[in-house]
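These are the residues of each chain, in order.
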Amino acid sequence: MVQGYVNLNTERNKEWLQEYVDNWVTFFKKQTDTGKVADYIPKLEDADPNALGITIIGKHGTQIRSGDLDIPFSIQSISKVLSFIVACMDRGLTYVLHRVDVEPTGEAFNSIMHLEINNPKRPFNPMVNSGAITISSLLNGKTSDQKLEPIFALLEKMIGYRPELDVEVYESERDTSMRNRAIGYYLLEEGYLESDLGVTLETYFKQCSINITTDDLARIGLVLSNDGFHPDTGEVIIPRNVTRIAKSLMLTCGMYDASGKFAAYVGIPAKSGVSGGILAVVPPRVRDNDLPFLDGCGIGVFGPALDKQGNSIAGIKLLRHIANSWDMSLF
C-alpha cells in the first residue's frame, strides 16, 4: 500500500485519496473471515460476515465512501453515546454522573461482577450495559416511546432525517437478553433505576435497534468532532461540555474491554456495537504536515464479523491503518 500525505484542496487529490481508501478496504476485507457475526442476538446472525464499508465526512463537505455502503444495520451499543448525551442535556451532568461513574472497567460489556465488588455499587461508565440501562431509566417519559423521542430528535438534527426502529431486531433482543434482565434487576435492587424496570429495558432494547448506515455514523461523528456544532446547519446541537465528556468516555471506554489497546494504537474517540458498526471521531489537530482532514472529521465503519471483545475485526484494523497513515491520533 502507498504511504504518504495528500492535500484535499484539489479534485485530483480527492480522486487519488478515494482510490487510496478503496485499496485499504479491499485489503482489510480479506481479514473478515477471522471474526464471526454476533450469534447471541438471533437476528444479527443474518448479516453478511464478509461486508466491510467506511464513510469519512469532513468539516467542509469532503466525503470519502468505500466498500459495502447503504446497508442499514442496528446501532446497538453506539446508542449509548446518544442516550448519555440526551440524559445529560435533560437532567444535567452533575446529576447523571452521580448515578453513573466515568471509569473503565476492564471487563466485558455485559459483566455484572464489577457491580458487585465496587462500593458504591453504581455502574462504572455509561458505555457498558449496566451504565446504559441506568441511563435509559433517567430519560424523561413514562413509556419507552416517550423516553426514545429525544434520542430520535437528536439523531434527526445530526443526520438530517428520522431513522426507523428495526422491529425484528428489537423483538430478537427483547426475547433473548437474559443477562441484561439480570443486570436490570440488580440495578433495581440497588436503587439506581428511576423508572419501571420493564419500561427501562424496553427503552434500552429499542434504542439499540435503531437502524443507521455508515453515512449516518460519519455525520454523528462530524458533529461530535466539532464539539456539538453542526457545520452544515450552523446549529449548536449539543453543549460543548457534554460533548467533551462523551468523547472522553468513547476514548477510554468505547471499545468494550479492548478500549485501552484501541486508545494506545488508534488514539481517537470511538464507540462500537455488536452489529459491526463503529462510530469514530477525529477532532481538529495541528500538524506540520499537510494531512487529510486536519480540521476534523467523522468516520462510520460497518463490518459485522467481530473479534472476541465484540468489535468489528476488520473495522478496527482499517481504522488503525487510517489513523496511523494520516496521523489522526490525539497523542
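Before any of the text, the structure's been laid out above.
Residues numbered from 1 in each chain as written. Predicted model: local features only at pLDDT ≥ 70, side-chain atom pairs only at ≥ 80, totals over all residues. Heavy atoms only, no water.

Considering the pairing of strand β2 (residues 63-67)
Looking down a regular strand, the side chains alternate between one sheet face and the other. Of the strand pairs in this sheet, strand β1 (residues 53-58) and β2 are connected by five bridges, and their pairing is antiparallel. Within β2, the position partnered with I56 by the bridge is I64. (Pairing = 2+ DSSP bridges. Helix = DSSP H or I, 4+ residues; strand = E, 2+ residues; numbered from the N terminus.)

Looking at the packing of helix α2 (residues 79-91) against helix α6 (residues 144-159)
Across the interface, α2 lies against α6 with an axial gap of 10 Å and an inter-helix angle of 105 degrees. Classified by the interaxial angle, the pair formed by α2 and α6 is roughly perpendicular. The residues of α6 that touch α2, namely those facing L82, S83, I85, V86 and D90, are P150, I151, L154, L155 and M158. When grouped by side-chain class, the residues that make up the contact of α2 with α6 number eight nonpolar, one polar and one charged. (Axes fitted to C-alpha atoms, helices over the stretch in contact; angles between N-to-C directions. Parallel < 35°, antiparallel > 145°, perpendicular 65-115°, else oblique. Contact = heavy atoms within 4.5 Å. Nonpolar A, V, L, I, M, F, W, Y, C, P; charged D, E, K, R; others polar.)

A word on the packing of aromatic side chains
Between two aromatic rings, the relevant description is the distance of the centres plus the angle of the planes. As enumerated under the stated definition, the model contains seven aromatic pairs in all. Taking 4.9 Å as the distance between ring centres and 40 degrees as the angle between the ring planes, the aromatic pair formed by W16 and Y20 counts as tilted. A residue pair is termed a helical-turn pair when its members lie 3 or 4 positions apart in one helix, as W16 and Y20 do in helix α1 (residues 11-29) at four residues. Given a relative accessible area of 4%, Y20 falls into the buried group. An angle of 10 degrees between the planes, with centres 4.2 Å apart, marks the rings of F73 and F302 as stacked. Residue F73 is located in strand β3 (residues 73-74), and its partner F302 is located in strand β9 (residues 297-302); the two are separated by 229 residues in the primary sequence. An aromatic cluster is built from W16, Y20, W24, F293 and W326, whose rings are joined through pairwise contacts. (Phe/Tyr/Trp six-rings, centres within 6.5 Å; stacked < 30°, edge-to-face > 60°. Buried < 20%, exposed > 50% of the residue type's maximum accessible area, 1.4 Å probe, protein only.)

Regarding the pattern of salt bridges
Counted under the stated rule, the structure contains 18 salt bridges. A salt bridge links D227 to R244, with the shortest nitrogen-to-oxygen separation between them at 3.2 Å. On the criterion of sequence distance, the pair formed by D227 in the loop between α10 (214-225) and β5 (229-230) and R244 in helix α11 (residues 240-253) is long-range, its members being 17 residues apart. You can call R244 partly exposed: its relative accessible area is 45%. What you see here is one network of salt bridges that share partners, running through D227, R240, R244 and K247. (Salt bridge = Lys/Arg side-chain N within 4 Å of Asp/Glu carboxyl O.)

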